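# Analysis of the macromolecular model
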Amino acid sequence: MTSSTPRYKAIEDFLLERIGNGDYPLHHQIPPEEQLARDFGVSRMTANKAINNLVQQGYLIRQAGLGTFVTDRKSESSLHEVMNIAAEVRARGHTYSNRILRSEALAADDEVALRLGLRIGAEVFHSILVHLEDGVPIQLEDRFVNPRWVPHYLSSDFSKQTPNEVLVASCPISDVEHVVEAVHADARTAEWLDIAPGAACLSMIRRTWSDEHLISYVRLIHPGERYKLRSSTKHR
């Protein structure tokens, strides 16, 4: 720690070290703010900031009237942003990889045509990938792309660039629409995600625009026990 390092960071590092080495296992109650403030010679506000930061990062959870506990830090993604899943995984200090299941051109059926604003039978690009964190599947991505706006999509190497990275590089996102629902995994989804058929999952349908152009329609399915979505709003 240097003199310029914020004091709350010392508390964060202390708690993360205890969590990392197993001294504070899952569901363990951490010391209260008052004790941390005394131990580190800081104000309670500073201790509170450290705990809040770790709550927001998914390491801790507050339970009203009981205290603050170590929680299961599932992979998570913001609902208000379109994040690159490879970057999310690496930011957590984990290893990202994927399995490419489909990469093809096909004719749009009724649903895809409606979602992308195209006529039925129009050519669309289609890809299916499973995204993995430390070798464990955390997301099934089933994506359709309007080839007019990303003509090189199918020639992209998705083992080096995720579909999201390819799209953003070609068509910076200006607008996004999300629809989230709870679903149960069908047999094929369960096989691809290495979960039991019928397991609870989070499904998110996302459409993205670049300027006035509707670029992509994708369905993302996450095993419920391995993933969570985060939504936050800043009030001014």
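These numbers come from a predicted model, not from an experiment.

Bringing the overall build of the protein chain into the picture now. Secondary structure assignment for the protein chain yields seven helices and 10 strands. The 236 residues of the protein chain split such that 41% are buried. Entry remark: accessible area of the protein chain is about 12900 Å², with carbon and sulfur atoms responsible for 49%.

Turning our eyes to something else, we now look at unusual backbone geometry. Even without glycine at this site, His 27 takes up a positive phi of about 75°. On the accessibility criterion, His 27 (59% relative accessible area) is exposed.

Another point: the pattern of salt bridges. Following the criterion strictly, the structure yields nine salt bridges and no others. Arg 18 serves as the salt-bridge partner of Asp 23, at 4.0 Å between the closest nitrogen and oxygen. Since its relative accessible area comes to 23%, Arg 18 is described here as partly exposed. Between Arg 115 and Glu 111 there is a salt bridge whose closest N-O contact spans 3.8 Å.

When helix α6 (residues 163–170) is considered as a whole, its buried residues turn out to be Pro 163, Asn 164, Val 166 and Leu 167. In an axial view of α6, the angular spread of the buried residues amounts to 165°, which keeps them on one side of the axis.

Okay, the nonpolar core next. One finds Ile 11, Leu 15, Tyr 24, Ile 30, Leu 36 and Leu 60 to be the most contacted residues of the largest nonpolar core, which totals 15 residues. Elements represented by at least two residues in this core include exactly α1 (7–20), α2 (33–40) and α3 (44–56). Apart from residues lying up to four places away in sequence, Leu 15 is in contact with Tyr 24, Ile 30, Leu 36, Ile 51, Leu 54 and Leu 60. Membership of the second largest hydrophobic core comes to 12 residues, among which are Ile 128, Trp 192, Ile 195 and Cys 201.

Turning to the confidence of the model for the protein chain, a few remarks are in order. Parts of the prediction with low pLDDT should not have their coordinates interpreted in detail. Mean pLDDT over the protein chain stands at 86; residues scoring 70 or higher make up 88%. Low confidence marks residues 231–236, where pLDDT is under 50. Its contacts with residues over four positions away, or in another chain, come to four contacts.

Another aspect to go through is the pairing of strand β2 (residues 67–70). Pairing analysis gives four bridges linking strand β1 (residues 60–63) to β2, with the strands arranged antiparallel. Note on β2: the bridge partner recorded for Ile 61 is Phe 69. In this antiparallel pair of consecutive strands, β1 and β2, the connection spans three residues, and Gly 65 shows a positive phi of 80°.

A few words on the packing of α2 against α3. Contact geometry of α2 with α3 gives a least axis separation of 8 Å together with a crossing angle of 115°. Regarding the angle of α2 to α3, the classification is roughly perpendicular. Handedness of the α2/α3 crossing: right-handed. Counting all contacts with α2, which are made through Glu 33, Glu 34, Leu 36 and Ala 37, the residues of α3 involved are Arg 44, Ala 47, Asn 48 and Ile 51. Classifying every residue of the contact of α2 with α3 by side-chain character gives four nonpolar, one polar and three charged.

Conventions adopted
Residues numbered from 1 in each chain as written. Predicted model: local features only at pLDDT ≥ 70, side-chain atom pairs only at ≥ 80, totals over all residues. Heavy atoms only, no water. Helix = DSSP H or I, 4+ residues; strand = E, 2+ residues; numbered from the N terminus. Buried < 20%, exposed > 50% of the residue type's maximum accessible area, 1.4 Å probe, protein only. Areas by Shrake-Rupley, 256 points an atom, 1.4 Å probe, with all protein chains shown as cover. Salt bridge = Lys/Arg side-chain N within 4 Å of Asp/Glu carboxyl O. Arc of directions from axis to C-beta. Core = buried A, V, L, I, M, F, W, Y, C linked by side-chain atoms within 4.5 Å. Contact = heavy atoms within 4.5 Å. pLDDT = per-residue confidence, 0-100. Pairing = 2+ DSSP bridges. Axes fitted to C-alpha atoms, helices over the stretch in contact; angles between N-to-C directions. Parallel < 35°, antiparallel > 145°, perpendicular 65-115°, else oblique. Left-handed = near helix turned anticlockwise from the far one by under 90°. Nonpolar A, V, L, I, M, F, W, Y, C, P; charged D, E, K, R; others polar.

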